[in-house]
Amino acid sequence: MPGNRFNAFSDYGIGVGLRVPHYDHILSKKPVVDWFELLAEHFLADGGRQREVLDRVLEEYRVVVHGVGLYFGSAGRLDRSHLRKLKTLVRRTGSPWLSDHLCWGSADGRHSHDLLPMPFTMAAARHTAAKIRQAADFLEVPVSVENISSYAEWTASTMTEWEFLSEVAERADCGILLDVNNIYIVSQNHGFDPRTYLDQIPHDRVAQIHIGGHSRFATHILDTHDQPVADPVWKLYGYAVGKLGTTPTLLEWDDRIPPFEEVHREAQKANRFLALHGSAHP
Amino acid sequence: MKHKKPIASLPSTARPIPKAGLAKADSVEGLRELQRLFLSCITRPPGPEDRAQAKDDRRDEMASLASRLFRPSTKQSPFDRLEIYHRQYWLRLREALSEDFPGLETLLGSERFHGLLQAYLLRYPPTSPMLRDLGSRLPRFLREEPDRTAPYPRRLVLDLARFEWAKIVAFYAPEHPLPRKEEGTTPETSLFLQPHVLLLDLRYPVERWTPESRSPSAPAEGAPAGLPPLPKSGQAPIPPDPRRIVLHRQGQTVYHKILPREAFFLLRSFAKGSSLLQACARTGEKFPDLPPDRYREWFQEWASLGWWTTQPRSRSRSAASKSS
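It should be emphasised that the depicted structure is a prediction, and the values quoted were computed from it without experimental measurement.

A. Summary view of the overall build of chain A. The number of helices and strands found in chain A is nine helices and 12 strands. For 282 residues, the compact-globule estimate of 2.2 N^0.38 gives 19 Å, and chain A sits close to it at 18 Å. For chain A, the C-alpha atoms occupy an extent of roughly 50 × 45 × 40 Å along the three principal directions. Sequence-distant contacts, at least 24 apart, represent 79% of the contacts inside chain A between residues at least 6 apart.

Dropping the structure here:
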């Protein structure tokens, strides 16, 4: 699939997350990587090593800013101070789009530092979409929302997660960062066919895909990003790119991080699926 | 966002569970009420009721609330599902603070340190979207709660917390433009300390005992080899050994340096802005026997290290630099 308006019609291929243990390798070896994803909140400081690393990375690579702190689904207002910092970072990095999560995480100014699940109701969708629109207007780049992993389902929900995601994306006129690992996790934790999720969302809004590893326990799966992508997730990724076509894809590996080459090799596995399934897309 | 694998619970104190009927999230106000309720559930102190074998009223009450909030899965009750978020909340925040205050954890021991963090987070829950701000009020909390530091002297624990927090501040602080001759800087020009230059007036030699932490590193300048290991919880009392320290960042590294009290007094003049002439005059009044050569040496050194700027410092994140 060529780029769309939610990823600024860009041609980004396979990327990896920019993580501290890899800084020295990246800066000294300058490996060939199509793009890096920055965790925004790690790069909002005015000084220090993070900023210096970022300046050097920007000399060589394309980056996309990915946030964890906007909490579009929180009932409170957007944090304008945080938005201003994000805008500065987006401008400094030339990030063609910005993504954050379809979740909430704060109430009355108190932060959970977690990505908490939304009750899937129409009122929540309307409220969340309005905040995404406000953020996109302020940031002046396309915004995409990412589906999260969850471990609980609200009794208050009146629709499915994919209906909620679609409703929010349509109302906000925003993009979707489709986390295939998260779809797999919630399908296992909550009991549904993950292909139904992929079939039902608006494909033309998908700006980017995330893949990553998870940890399986006896009663549930946790999104731990501490190991290679599981086979069922690769399979689901193949199904997704069959629907979406070639889409910018990023591997997340955030804990027990192996050497850079291993992370990059794992990310490159996506090429196999893109060649096999992505090209079949009209 | 990744999740950590579960850990054991801490002891807790009871907290009331809301009795009111549940909102339906069919309005923004309803959504707000549900989110408040959920947040109060996951931020409650971990306690015995969290354990699967626990049989008490508190657990029953929580389980009843959870079943009104969440659907069960085929393998988990609503309470089990709620508890995943409860555990993650405390685990994530404890891990973040352990990384920022490694010396404090070693000194107090894990159990006492975690008890301190729990009390701290209950009084000062996170209010910043950035996790690195989490420990900003720990020194203040230690001033407010001197009994939390037992059996160690309050000032020892406070000094260590201030030192470790100052390292974080120095690491992330901006660097303002240096004074430039071509901009007409004179001895009358007001100068300020760079935001990454922090002054600490300490009673204990805590800088010796700070292990490497997650991101900032703070090697001592001219530190002798074989420094004494950090005293473990329960070991012999630590004697005071007052010192005045400046922390500063060079490139990507935070350093610390012990200053003579005259130099510390002089440098502190610039914290709120001062000209060289004003600072020298004030220092001369306090230390009339200080030879002029010393001023020259210090000014040359500090200028070469880039410690001054003509731009005033913003008030944010400066708590660690407060001398007490």
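B. The nonpolar core, seen in detail. Counting residues in hydrophobic clusters, the biggest one holds 157 residues, and the most contacted among them are V145, V168, I176, V180, Y237 and A240 of chain A together with A161 of chain B. If you tally residues by element for this core, the top one is helix α7 (residues 154-172) of chain B, at 13 residues. In terms of domain composition, this core takes at least three residues from each of domain 1 (28-100) and domain 2 (146-321) of chain B. Leave out the neighbours within four places in its chain, and I176 of chain A touches S144, V145, L165, A169, I201, R205, V206 and A207 of chain A.

C. Expanded view of the interface of chain B and chain A. In this complex, chain B contributes 50 residues to the contact, which on the side of chain A involves 49 residues. Among the secondary structure elements, those contributing two or more residues to the side of chain B that touches chain A are α1 (28-42), α2 (57-69), α3 (78-100) and α7 of chain B. Among the elements that take part in the side of chain B that touches chain A, α1 of chain B stands out by supplying 10 residues, more than any other. For the side of chain B that touches chain A, the per-class residue count stands at 24 nonpolar, 13 polar and 13 charged.

D. Layout of the sheet that holds strand β8 (residues 175-179) of chain A. All names here are of chain A. Around the barrel, which closes on itself, the eight strands sit in the order β1-β2-β3-β4-β7-β8-β9-β12 with parallel pairing between neighbours. For this sheet, the mean inter-axis angle between neighbouring strands, taken without regard to orientation, is 30°. Across three bridges, the pairing between strand β1 (residues 14-17) and strand β12 (residues 249-252) is parallel. For I14, the partnering residue across the bridge sits in β12 and is T249. Its contacts with the sheet put helix α4 (residues 122-139) on β4 (98-101) and β7 (143-146), and the angle it makes with β7 is roughly 140°.

E. Summary view of the environment of I245 of chain B. Residues and elements named next belong to chain B. Here I245 lies in strand β3 (residues 243-250). Assessed through the 22 C-beta atoms surrounding it within 10 Å, I245 is described here as buried. Those residues in contact with I245, other than ones at most four positions away along the chain, are L200, L202, E207, H256, K257, I258 and L259.

F. How the structure looks around the confidence of the model for chain B. All names here are of chain B. Residues with a pLDDT of 70 or more make up 79% of chain B, whose mean pLDDT is 83. This model gives residues 5-16 a pLDDT under 50, and the stretch forms 21 contacts once residues within four places in sequence are excluded. Segment residues 222-227 is flagged for pLDDT under 50; beyond a separation of four residues in sequence, or across chains, it makes one contact in the model. Prediction confidence for the complex, expressed as pTM and ipTM, is 0.89 and 0.96 respectively.

G. Structural view of the packing of helix α8 (residues 231-244) of chain A against helix α9 (residues 260-277) of chain A. Residues and elements named next belong to chain A. One can describe the packing of α8 onto α9 by two numbers: an axis separation of 9 Å at closest approach and a directional angle of 40°. Here α9 runs oblique to α8, going by the angle between their axes. For the crossing formed where α8 meets α9, the hand is right-handed. Packed against α8, whose contacting residues are W234, Y237, G238, V241 and G242, the element α9 presents K269, A270, F273, L274, L276 and H277 at the interface. A class-by-class count of the residues in the contact of α8 with α9 yields seven nonpolar, three polar and one charged.

H. Highlighting the pairing of strand β6 (residues 110-116) of chain A. Residues and elements named next belong to chain A. Counting buried positions along β6 yields six of seven residues, so the element is predominantly enclosed. Taken together, the three bridges between strand β5 (residues 104-107) and β6 define a ladder with antiparallel strand orientation. The residue of β6 that forms the bridge with W104 is L116. Counting the residues in the hairpin turn of β5 and β6 gives two residues, including D108, whose phi is positive at 55°.

I. Local environment of the environment of D201 of chain B. All names here are of chain B. Here D201 lies in strand β2 (residues 198-202). The partly exposed category is assigned to D201, around which 16 C-beta atoms lie within 10 Å. Along the backbone, D201 and I258 are 57 residues apart, and their C-alpha atoms lie at a distance of 10.0 Å.

Analysis parameters
Residues numbered from 1 in each chain as written. Chains lettered and ligands numbered in written order. Predicted model: local features only at pLDDT ≥ 70, side-chain atom pairs only at ≥ 80, totals over all residues. Helix = DSSP H or I, 4+ residues; strand = E, 2+ residues; numbered from the N terminus. Rg over C-alpha atoms; globule rule 2.2 N^0.38 Å. Contact = placed C-beta atoms within 7 Å. Core = buried A, V, L, I, M, F, W, Y, C linked by C-beta atoms within 7 Å. Buried ≥ 20, exposed ≤ 12 C-beta atoms within 10 Å, placed from the backbone. Domains from an automatic or database assignment. Nonpolar A, V, L, I, M, F, W, Y, C, P; charged D, E, K, R; others polar. Pairing = 2+ DSSP bridges. Axes fitted to C-alpha atoms, helices over the stretch in contact; angles between N-to-C directions. pLDDT = per-residue confidence, 0-100. Parallel < 35°, antiparallel > 145°, perpendicular 65-115°, else oblique. Left-handed = near helix turned anticlockwise from the far one by under 90°.

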